[in-house]
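Listed below, chain by chain, are the residues.
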Amino acid sequence: MITSVIFDWGGTLTPWHTIEPLEAWLAAVGDPPAAARLHEAENAMWLRCRDEQRSATLDEVFAQAGIAHTEQMLAAFHAWWEPHTMLDPDAIGLFTALHERGIKVGVLSNTIWPRSVHEQIFVRDEVAHLIDGAVYTSEIPWTKPHPEAFRSALAAVEVDDPAGTVFVGDRCSTTSTVPLR
Ligand SMILES: [Mg+2]
């Protein structure tokens, strides 16, 4: 018996977009060499996530690139990303239908962004109240597919039995140039 469904976010709850992450960094800092350093640092983080299932944060990316970030930089970075963060139009109906069947809805995202950014996105998309629990790997030491990442997500939706949980995602690995969100 299925009691919970846990979803990936990027490419699963958001329609897949092919993007160039370097452009987000350029929007954030304006300076091409600095953007290139941030892009390189982010790629290294995503490789670590993929190969060692160790998570990373935006702060780490900036530190690795040797750039002291400002609120303005972060705002410009997330503003660049915004068109690529829109919820799939079918998601609200799907979450509602799962709840009607007594099935919990969770989210487990490999992400370097802070929880606050993801929560604002779910509020904007009017779906925050339909999510029973969420884990953003920027807050834990591990990334999918490490078992501890999935255990954290099960705890977030308060489910004891993994056998009653389905995970829905768009892929299980990534390349060095495409974020694994
Ligand atoms: Mg994904």
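Residues numbered from 1 in each chain as written. Predicted model: local features only at pLDDT ≥ 70, side-chain atom pairs only at ≥ 80, totals over all residues. Heavy atoms only, no water.

- Within an unreviewed UniProt entry, the label attached to the protein reads HAD hydrolase-like protein, and the organism entered is Jatrophihabitans cynanchi.

1. Side note on the pairing of strand β2 (residues 104-109)
Thinking step 1. Within β2, five of the six residues are buried, which leaves the element mostly enclosed by the surrounding structure.
Thinking step 2. Judged from the four bridges that link them, strand β1 (residues 4-7) and β2 form a sheet pairing that is parallel. Bridge pairing in β2 places Phe 7 opposite Val 107.
Thinking step 3. Relative to strand β3 (residues 133-136), β2 runs parallel, the two sharing four bridges. (Buried < 20%, exposed > 50% of the residue type's maximum accessible area, 1.4 Å probe, protein only. Helix = DSSP H or I, 4+ residues; strand = E, 2+ residues; numbered from the N terminus. Pairing = 2+ DSSP bridges.)

2. Quick word on the packing of aromatic side chains
Thinking step 1. All told, the structure shown has eight aromatic pairs when counted by the stated rule.
Thinking step 2. Each ring, one from Trp 80 and one from Trp 81, has its centre 5.5 Å from the other, and the planes form 85°; the classification is edge-to-face.
Thinking step 3. Ring centres of Trp 81 and Trp 113 lie 5.3 Å apart, and the angle between their planes is 75°; on these two criteria the pair is classed as edge-to-face. You can see Trp 81 sitting in helix α4 (residues 71-81) and its partner Trp 113 sitting in the loop between β2 and α6 (115-124), a full 32 residues away along the chain.
Thinking step 4. Overall, the relative accessible area of 8% leaves Trp 81 in the buried class.
Thinking step 5. Three or more aromatic residues joined by ring pairs form one cluster here, namely Trp 9, Trp 25, Phe 62, Phe 77, Trp 80, Trp 81 and Trp 113. (Phe/Tyr/Trp six-rings, centres within 6.5 Å; stacked < 30°, edge-to-face > 60°.)

3. Details of the nonpolar core
Thinking step 1. Of all hydrophobic cores here, the largest spans 44 residues; its most connected members are Phe 95 and Trp 113.
Thinking step 2. Among residues more than four places away in sequence, those in contact with Phe 95 are Phe 7, Leu 13, Val 105, Val 127, Leu 130 and Ile 131.
Thinking step 3. Formed by nine residues, the second largest nonpolar core is a distinct cluster that contains Val 135, Ile 140, Ala 153 and Val 159. (Core = buried A, V, L, I, M, F, W, Y, C linked by side-chain atoms within 4.5 Å. Contact = heavy atoms within 4.5 Å.)

4. Some words on the environment of Arg 37
Thinking step 1. In this fold, Arg 37 is placed in helix α2 (residues 32-52).
Thinking step 2. Assessed through its relative accessible area of 40%, Arg 37 is described here as partly exposed.
Thinking step 3. Considered as a pair, Arg 37 and Asp 132 are 95 residues apart in the sequence and their alpha carbons are 37 Å apart.

5. Quick notes on the pattern of salt bridges
Thinking step 1. Scanning the model with the defined rule gives nine salt bridges in all.
Thinking step 2. A salt bridge links Asp 125 to Arg 124; the shortest N-O distance between them is 2.9 Å.
Thinking step 3. Asp 125 sits in the buried class, given a relative accessible area of 13%.
Thinking step 4. For Arg 124, a relative accessible area of 28% corresponds to the partly exposed category.
Thinking step 5. Several salt bridges converge on common partners, so that one network encompasses Glu 82, Arg 124 and Asp 125. (Salt bridge = Lys/Arg side-chain N within 4 Å of Asp/Glu carboxyl O.)

6. Details of the coordination of the magnesium ion
Thinking step 1. Coordination of the magnesium ion by the protein comes from Asp 8 (OD), Gly 10 (O) and Asp 170 (OD), over a distance range of 2.1 to 2.2 Å.
Thinking step 2. Donor residues for the magnesium ion, ordered by position in the chain, follow D-x1-G-x159-D.
Thinking step 3. Residue classification places Gly 10 among the buried positions, given a relative accessible area of 9%. (Donors = N, O, S within 2.8 Å, 3.2 Å for Na, K, Ca; no water.)

7. Topic: the sheet that holds β1
Thinking step 1. An order of β3-β2-β1-β4 is seen for the four strands of this open sheet, with the pairing classed as parallel. Edge positions in the sheet fall to β3 and β4 (165-168), since each of these pairs with one other strand and no more. Pairwise comparison of adjacent strand axes, ignoring direction, gives a mean angle of 20° for this sheet.
Thinking step 2. Sitting on the sheet, α6 is in contact with β2 and β3, with an inclination near 135° to β3. (Axes fitted to C-alpha atoms, helices over the stretch in contact; angles between N-to-C directions.)

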